[in-house]
Amino acid sequence: MRTFILIAFRNILRNKYRSAITISAIAFGLFALIFLKGFIDGADYQMINNYTDLLIGHIQIHAKGFQKSIGLEKTIAGANNLIEKISKNRKIIAHSKRIKDFALISSPENSYGVLLLGIDPEEEKKVSSFHKRIRKGFYLNPQDKNKIIIGKDLAENLKVALEDKVVIMSQAADGSLATAAFEVCGIIDTGAEEIDKNLAVITLSDAQELLTLEDKVSEIVLKISSLKEVDKLTLTLRGQLDTNLFEVLNWKDISPMTYQWLKFDQIFTSLILFIFLIVVASGILNTILMAVLERTREFGIMLALGTKKNQIMFMVAAESFILALTAALIGSIAAILTVNYFGQRGIDLSKFSKALDSFYIGSVIYTRLEWGGFFISLIVVFLTSIVTSLLPAYKAANLKPIEAIRHI
Amino acid sequence: MALIQIKNLTKIYSEKNSTVQTKALDSINLEIERGEFTAIAGPSGSGKTTLLNIIGALDYPTSGQIIIDNYNLSSMTQKAFAEFRLHKIGFVFQSYNLINTLTALENAEYVMLLQAINKRERRLKAEKILSEVGLANKLSHFPNQLSSGEQQRVAIARAIAPMPLIILADEPTANLDSQTGAMLINLMKELNEKKQVTFILATHDPMVMAKAKRLINLKDGRIIS
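Residues numbered from 1 in each chain as written. Chains lettered and ligands numbered in written order. Predicted model: local features only at pLDDT ≥ 70, side-chain atom pairs only at ≥ 80, totals over all residues. Heavy atoms only, no water.

A. Spotlight on the environment of A:Asp101. Residues and elements named next belong to chain A. Relative to the helices and strands, aspartate 101 is located in strand β2 (residues 92-106). Distance in space between the C-alpha atoms of aspartate 101 and phenylalanine 268 is 37 Å, their sequence separation being 167 residues. Excluding its chain neighbours within four sequence positions, the residues that come into contact with aspartate 101 are Ile70, Gly71, Leu72, Val114, Leu115, Leu116, Ser170, Gln171 and Leu211. Polar side-chain contacts of aspartate 101 include one of 3.1 Å to the side chain of serine 170. (Helix = DSSP H or I, 4+ residues; strand = E, 2+ residues; numbered from the N terminus. Contact = heavy atoms within 4.5 Å. Polar contact = N/O pair within 3.5 Å; in protein donor to acceptor, adjacent residues only side chain to side chain.)

As structure tokens, this is what we get:
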């Protein structure tokens, strides 16, 4: 077999141009596959991260039934005790208490229904990126009294600017009419219409005071060390807490549509990658088939001299193996370097930023190398190269020597 | 008993999707003894190459019988054909047909490698035979670094090195100048006499015919003398 490997190796060197084309085709195919996967993984990761970072968080704990019917009837008392109990889990890296209620916001010009959020400004910074989305004015301070942050579109609709006054009206927990005036201290622009149009944020203490909630909160938002741990930790917390009193929901439970969209995106991506793989495979098949046809006469001579079919097949497959191995090495190194480069620098797609922002992806995509996907792409392209070479190898091995020798 | 016994051998070629048939060999009867140096002569289309291909187990006859060293080629499978060629036949083709990726020494070793002869033995044999054909100083040359005559000498060395029963040479001098051609025929004759290997040459070349111990003339697929 050594001689056949030697012949295979020398054949590769003999036709440097053809070999270079084959190696380039396989390497580029692999590179493109890994890069495309890295781009999509990066976009998906950003989407989940931005989506969860913006407001939702990774996991939320509410009083049972809160998610179905948001209101002040279902609140958590003694939130700090509960946090102390669960924060022993090292996977939880931050938490934030919130009040969440529907309210009416009014300016001298207009009134709109909004989702009123009461936050602890310091805690909130650790679980969400909300504070980074302030486009005008300032983020809240824990000491702030009657200051409010509203969405960009809401500000436009209300026709208010920074330092203008708006009035919040709702029903307090004790059934009384809750109303107070707030000064606009910040305007947020998230790119997500439902937030920019419908969100108003005040401090937790203002919200508790306004809605007569004392130290009660609506939800505890958790940020955990890795998105991959979400499902496992949700189950752990459900086991830890009394599920008759509390509900533990992760981002997939809170926003099943987004999760389904991501699932669909993954299937769609797999389909595209599969089609791409077929294109790459036909390119490989074509080059190797051409290389075999070019040497029909040589195979004929070898067969005439008594070379066995399996030896010819082995030789052609060995040639493909060497080509595929070289290409896999080049393609994967190039892909790792490129994906890491754009993972640091990002790919600026600001021309489409509006559309991407509304999908929570962001205008700069940071490619992401998932080693599982990388190895699958590597193995699939490598095996495809070998498998597609078996057809030409089989053809070569089954040539009739007498006809092959006459082949010019 | 003759080494090669051919009885009523007929070969008819049929074109695909056509009723047209060409009779390449017509009821050939022939016996060739071990150690003969035989030339098969005849004009183009007379059936020389077809006869050589059938003797060389590269093609099946349409009818008739061919027995070589007690092997009945008419009833062999393709796999058995390959084994038979490997161990009994040496080929020298008109266009040398060396393996371009192997050196002269590796080409001369190639058939022995297929025969699973150990490396040391096959290397010694290949070096010896290449020396005998005057290529001792070109062992590591690739075919494209050799002249036509040198390439044909490597082809002869490749054919003779494993010491087959029969060496079949199809127009071995056709692509060579007369001087190189004569030198190669003399070389083959010398190897034939020294090693008692049976040589059968298909040729147009009067010089080859003159050097042959036995001359078989073919015309329209029949032996005429």
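Now that the structure has been shown, the text picks up again.
B. Focus on the interface of chain A and chain B. The interface is formed by 23 residues belonging to chain A together with 24 residues belonging to chain B. At the boundary of chain A with chain B, total buried surface from both sides reaches about 2,000 Å², with 59% on carbon and sulfur atoms. Looking only at chain A, the three residues that lose the most surface to chain B are A:Arg10, A:Leu305 and A:Ile402, adding up to 31% of its buried area. Our enumeration of links across chain A and chain B arrives at two salt bridges. Here B:Glu106 makes a salt bridge to A:Arg10, at a shortest N to O gap of 2.4 Å. Where chain A touches chain B, the interface holds seven residue pairs in polar contact (both at pLDDT 80 or more). Listing elements by their share of the side of chain A that touches chain B, those giving two or more residues are α1 (2-14), α11 (296-304) and α15 (401-406) of chain A. A total of eight residues in the side of chain A that touches chain B trace back to one element, the largest contributor, which is α1(A). Residue composition of the side of chain A that touches chain B, grouped by class: 11 nonpolar, five polar and seven charged. (Buried area = accessible area lost by both parts, 1.4 Å probe. Salt bridge = Lys/Arg side-chain N within 4 Å of Asp/Glu carboxyl O. Nonpolar A, V, L, I, M, F, W, Y, C, P; charged D, E, K, R; others polar.)

C. Up close: the pattern of salt bridges. All chains considered together, the criterion is met by 36 salt bridges over all chains. Close ionic contact of A:Arg18 with A:Glu294 constitutes a salt bridge, the shortest N to O distance being 3.0 Å. Separated by 276 residues along the polypeptide, A:Arg18 in helix α2 (residues 16-56) and A:Glu294 in helix α10 (residues 256-294) bring together distant segments of the chain. On the accessibility criterion, A:Glu294 (53% relative accessible area) is exposed. One salt bridge in this structure joins B:Arg123 and B:Glu109, with 2.6 Å as the shortest N-O distance. Taken together, the residues span a long stretch of sequence, with B:Arg123 in helix α4 (residues 119-132) and B:Glu109 in helix α3 (residues 104-114) at a distance of 14 residues. Overlapping salt bridges bring together B:Lys128, B:Glu132, B:Glu190, B:Lys194 and B:Lys195 as one network. (Buried < 20%, exposed > 50% of the residue type's maximum accessible area, 1.4 Å probe, protein only.)

D. Here's a closer look at the confidence of the model for chain B. With 100% of its residues at a pLDDT of 70 or more, chain B shows a mean pLDDT of 90. In the model output, the complex is listed with pTM 0.71 alongside ipTM 0.86. (pLDDT = per-residue confidence, 0-100.)

E. Region of the structure containing helix α6 (residues 178-195) of chain B. Residues and elements named next belong to chain B. The first and last C-alpha atoms of α6 sit 25 Å apart over 18 residues, in line with the 26 Å expected at 1.5 Å per residue. Within the sequence span of α6, burial applies to Thr180, Gly181, Leu184, Ile185, Leu187, Met188, Lys189, Leu191 and Asn192. The distance from a side-chain oxygen at the start of α6 to the backbone nitrogen of glutamine 179 is 3.2 Å, and the residue carrying that oxygen is aspartate 177. Taken from the residues just after α6, glutamine 196 is the one with a positive phi, measuring 55 degrees. (Expected span 1.5 Å × (residues − 1).)

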